Amino acid sequence: MSWTFTDDPGVFLDADRATALAVAAHWPGHRVDEERRLYRLDGLVPPCPAPPGRARSARPGDRALLVRWHRGFAADLGRPDSEAEAAVDRRLSGDGLTLWEDGGAPVSMAVVSLRVAGAVRVVAVYTPPEHRGRGYAAAVSAQVARTALDGGAEHVLLFADPANPTSNGVYRRIGFRPVADRLVIGAEPDHG
């Protein structure tokens, strides 16, 4: 369990659902900022049928596209995109950003974190709306998971919005299993 409190107006608690709700019951002016489901890979299952194309590491020449996609990812989550350029630059300096290409054109991306204590986390899977529904997200997610496992990761984790049946279905089909539901709870500014 992890949780954090501060005296700032953005005070928050990030905890498993039961703990978060128990604390929130005694916290006037709280709000639920985010619900998320933690998944752990329980045995990789390649997408079947596999979509056309192949995976490749992102390159500096992909930067403008990746900034647009990071902004699209943030918009889909209802979050601000002020960090898109910095996030892309950080991720391009490592090797955790993978693209799926079809016909030589990028159609989907996935990002994996650095390994910590034997675990990596898939932190951003995004397919632009015009390319959705073709299996690209499953393929690129499976690829980053395979690469992480081949590189020595013992666990591959990710968070998904439990209200999004599409992403939850994709992750379950390729071998991720739910571990816990979590809530991020914040304080309304006048109750911080």
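A short tour of the structure in this document, coming up. None of these values were measured; they are calculated from a predicted model.

### Notes on the environment of V67
Mapped onto the fold, V67 is located in helix α2 (residues 63–77). Distance in space between the C-alpha atoms of V67 and L149 is 27 Å, their sequence separation being 82 residues. Excluding residues that lie within four positions of it along the chain, V67 makes contacts with A84, E85 and V88.

### A word on the nonpolar core
Judged by nonpolar contacts, the single largest core of 26 residues is most densely connected at V156, L158, Y171 and F176. Contributing elements (two or more residues each) for this core: β2 (30–41), β5 (105–112), β6 (119–126), α4 (136–150), β7 (155–160) and α5 (165–173). The biggest single contributor to this core is α4, with eight residues. Apart from the residues within four sequence positions on either side, Y171 is in contact with V125, S141, L158, A160 and F176. One finds A84, L92, L97 and M109 within the second-largest nonpolar core, a separate group that totals 15 residues.

### Observations regarding the environment of P52
Counting through the fold element by element, P52 comes out in the loop between β2 and β3 (54–57). P52 gets classed as partly exposed once you look at its relative accessible area, which sits at 49%. Between the alpha carbons of P52 and A139 there is a distance of 9.4 Å; along the sequence they are 87 residues apart. In contact with P52, not counting residues within four places along its chain, are W100, E101, D102 and Y136.

### Thoughts on the environment of E83
Secondary-structure assignment places E83 in the loop between α2 and α3 (84–92). Residue E83 is classed as exposed on the basis of its relative accessible area of 51%. Along the primary structure E83 and P52 are separated by 31 residues, whereas in three dimensions their C-alpha atoms are 32 Å apart.

### A closer look at the layout of surface pockets
Space inside the largest pocket adds up to approximately 1,500 Å³. Lining the largest pocket are 48 residues; nearest its centre among them are F73, L77, A124, V125 and Y171. Counting residues per element, the ones that place at least two in the lining of the largest pocket are β2, α2, α3, β6, α4, β7 and α5. With six residues, β6 is the single largest residue contributor to the lining of the largest pocket. In this structure, the second largest pocket spans a volume of roughly 440 Å³. As for the second largest pocket, its lining consists of 23 residues, of which D95, G96, L97, V112 and S113 are closest to the centre. Every element with two or more residues in the lining of the second largest pocket is listed here: β3, α3, β4 (97–102), β5 and α4. Among the elements that take part in the lining of the second largest pocket, α4 stands out by supplying four residues, more than any other. In terms of residue class, the lining of the second largest pocket is made up of nine nonpolar, nine polar and five charged.

What counts, and where the lines are drawn
Residues numbered from 1 in each chain as written. Predicted model: local features only at pLDDT ≥ 70, side-chain atom pairs only at ≥ 80, totals over all residues. Heavy atoms only, no water. Helix = DSSP H or I, 4+ residues; strand = E, 2+ residues; numbered from the N terminus. Contact = heavy atoms within 4.5 Å. Core = buried A, V, L, I, M, F, W, Y, C linked by side-chain atoms within 4.5 Å. Buried < 20%, exposed > 50% of the residue type's maximum accessible area, 1.4 Å probe, protein only. 1 Å grid on protein atoms, 1.4 Å probe; cavity = no way out; pocket = protein on both sides within 12 Å on 5 of 7 lines; lining within 4 Å. Points joined across faces, edges and corners; volume = space filled by probe spheres on them. Nonpolar A, V, L, I, M, F, W, Y, C, P; charged D, E, K, R; others polar.

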